[in-house]
Amino acid sequence: MAVEIKSPEDIEKMRAVGRLAAEQLEMIEQHIRPGITTGEIDRICHEFTISEQGATPAPLNYRGFPKSVCTSVNHVVCHGIPSDDKVLKDGDIVNVDVTLIKDGFHGDTSKTFFVGKPGILARRLVQVTQDCLYAGIREVRPGAHLGDIGHAIQTLAEASRFSVVREYCGHGIGRVFHDEPQVLHYGRRGTGIPLKAGMTFTVEPMINAGKPAVKLLPDGWTVVTKDHKLTAQWEHTVLVTDTGFEILTHRQDDTIERIGTGVVASGTGTA
């Protein structure tokens, strides 16, 4: 399996598009409220991408996907298609997944938002899923293995009595939207390819409140939990640096306290 090592020039472009993707999630948060439709979320993000950021929404028409972002509500695991018929209600949770293209490179990130006041289970699930994201990212350093990332995520999720979705995973990213390597969110330490400085990939755990089983709906995109229990996801695009990791889609809510020691404001860090 050949995994591309990014040049310094490539990395600068990845940083730039990563900042735009992060900025978009920060922008859309103010619009997440009861009564808004997922179709309206999509339109706001699309217009912001084109008019304000001078970028391209990568999901639009990608393998036939009809919208500019994915909106996955409650028991929808991933790839939810925005719709004017889907009205968000108080207590819902919604993952908004954005990927932008700028200067030939992709930036991919997602966040699960609370709609109004969440229930106790929803709040705990979303919190644990974000912690799983950070647990996986903290494993990233040259010489570590892909399995170390999955092991850290699986260990935390199962200790919290949640389950890890296995059919969908993180992926290499750069000029190509979905590239090698595949980044599983479960596994054993010391397995998988060793990480090298210059690799870029996403870490994007999908954590279920119930069992891990999922199913694909007839639209060919929307993935839901088989038991219809809640699910959450968080995602960042990550660079392997000479000493650890850099979160290329770092946002203001990614604090040192949450990610771990050694992380500075720019989103770089050492493990």
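All residue numbers refer to positions counted from 1 along the written sequence of the respective chain. Local features are withheld for residues below a pLDDT of 70 in this predicted model, meaning they are given only at 70 or higher, and side-chain atom pairs are given and counted only at 80 or more; totals for whole chains, interfaces and linings count all residues. The basis for the side-chain values is all heavy atoms of the structure; hydrogens and waters are excluded.

1. What about helix α1 (residues 8-28)?
Helix and strand labels come from DSSP, where a helix needs a run of H or I of at least four residues and a strand needs a run of E of at least two; each type is numbered from the N terminus. Helix span is expected to be 1.5 Å times the residue number reduced by one. Given a rise of 1.5 Å per residue, 21 residues ought to cover 30 Å, and the 31 Å separating the end C-alpha atoms of α1 matches this to within 8%. For each residue, the accessible area found with a 1.4 Å probe, counting protein chains only, is set against the maximum for its type, and the residue is called buried under 20%, exposed over 50%, and partly exposed in between. Those residues of α1 not exposed but buried are D10, I11, M14, V17, G18, L20, A21, A22, Q24, L25, M27 and I28. Any two residues having at least one pair of non-hydrogen atoms within 4.5 Å are treated as being in contact. Where α1 is buried, its residues contact α2 (38-52), β4 (93-102), β5 (105-114), β9 (200-203) and β14 (236-240).

2. Section: the pairing of strand β15 (residues 244-247)
Consecutive side chains along a regular strand alternate between the two faces of the sheet. In this description, strands pair whenever DSSP reports at least two bridges between them. Across three bridges, the pairing between β14 and β15 is antiparallel. Paired with V238 across the bridge in β15 is I247. From the end of β14 to the start of β15, which pair antiparallel, there are three residues.

3. Considering the nonpolar core
Throughout this description, the term nonpolar core refers to a set of buried Ala, Val, Leu, Ile, Met, Phe, Trp, Tyr and Cys residues connected via side-chain atoms within 4.5 Å. Of all hydrophobic cores here, the largest spans 32 residues; its most connected members are V140, I149, L195, F201, V203 and I207. Elements with a minimum of two residues in this core: α3 (120-137), α4 (146-159), β9, β14 and β15. Element by element, the count of residues in this core is highest for α3, at eight residues. I32, F48, V69 and V115 belong to the second-largest nonpolar core, a separate cluster that totals 27 residues.

4. Digging into the side chain of K111
With respect to the element layout, K111 can be found in strand β5. In protein, a polar contact requires one atom able to donate a hydrogen and another able to accept it; more generally it is a pair of N or O atoms within 3.5 Å, and residues adjacent in sequence count only if both atoms are side-chain atoms. Looking at K111, its side chain comes within polar contact range of the side chain of D253, at 3.0 Å. When near neighbours in sequence (up to four residues on either side) are disregarded, K111 contacts L25, E29, V94, N95, V96, Q233, W234, R251 and D253.

5. Overview of the pattern of salt bridges
Each reported salt bridge corresponds to a side-chain nitrogen of Lys or Arg within 4 Å of a carboxyl oxygen of Asp or Glu. Taken as a whole, this structure holds eleven salt bridges when the rule is applied. Across the pair R43 and D84 runs a salt bridge whose closest N-O atoms are separated by 2.9 Å. Within this pair, whereas R43 is found in helix α2, its partner D84 is found in the loop between β3 (76-78) and β4, the two being separated by 41 residues in sequence. Linking R251 and D253 is a salt bridge whose minimum nitrogen-to-oxygen distance equals 3.0 Å. We classify R251 as buried; its relative accessible area is 1%. Given the relative accessible area of 26%, D253 is considered partly exposed. Because the salt bridges share partners, they merge into one network encompassing E4, K6, D10 and R175.

6. Overview of the side chain of D148
Here D148 lies in helix α4. R189 provides the closest opposite charge to the buried, salt-bridge-free D148, at an N-O distance of 4.2 Å. Once you skip the residues sitting within four places of it in the chain, D148 turns out to touch E139, R188, R189 and G190. Charged residues are defined narrowly, with Lys and Arg counted positive, Asp and Glu counted negative, and His plus the chain ends left uncounted.

7. Overview of the confidence of the model for the chain
Caution is warranted with low-pLDDT regions, since their predicted coordinates should not be read in detail. Within a predicted model, pLDDT stands for the predictor's per-residue confidence, ranging from 0 to 100. In the predicted model, the chain carries a mean pLDDT of 94, and the fraction of residues at 70 or more is 94%. Low pLDDT, under 50, characterises residues 261-271; the predicted model gives this stretch 28 contacts beyond four residues in sequence or across chains.

8. Observations concerning the packing of α3 against α4
Orientation of α3 relative to α4, taken along the N-to-C sense of each, is 155°, at an axis distance of 8 Å. Classified by the angle their axes make, α3 and α4 are roughly antiparallel. In the crossing of α3 with α4, the sense of the turn from one axis to the other is right-handed. Each of V128, D131, C132, A135 and G136 in α3 lies in contact with α4, whose residues at this interface are I149, A152, I153, L156 and A157. Comment: axis = line fitted to C-alpha atoms, over the contacting stretch for helices; angle = value between 0 and 180 degrees taken between N-to-C directions. Should an angle lie under 35 degrees it is considered roughly parallel, over 145 roughly antiparallel, and from 65 to 115 roughly perpendicular; all remaining angles are considered oblique. Should the near helix be turned anticlockwise from the far one by less than a right angle, the crossing is left-handed, and should it be turned clockwise, the crossing is right-handed.

9. Digging into the state of the cysteines
Disulfides are defined as pairs of cysteine sulfur atoms found within 2.5 Å of each other. Scanning the model with the defined rule gives zero disulfides in all. The structure places no disulfide on C78, whose sulfur is separated from the nearest cysteine sulfur, that of C70, by 7.8 Å.

10. Brief notes about the sheet that holds strand β13 (residues 231-233)
Here three strands make up an open sheet; going across it, the order is β6-β10-β13 and the pairing antiparallel. The open sheet has two edge strands with one neighbour each: β6 (163-164) and β13. Pairing of β6 with strand β10 (residues 206-208), which is carried by two bridges, proceeds in the antiparallel orientation. By the bridge assignment, S163 is partnered in β10 with N208. Sheet strands touched by α3: β10 and β13. Its angle to β13, the strand with the most contacts, is close to 35°.

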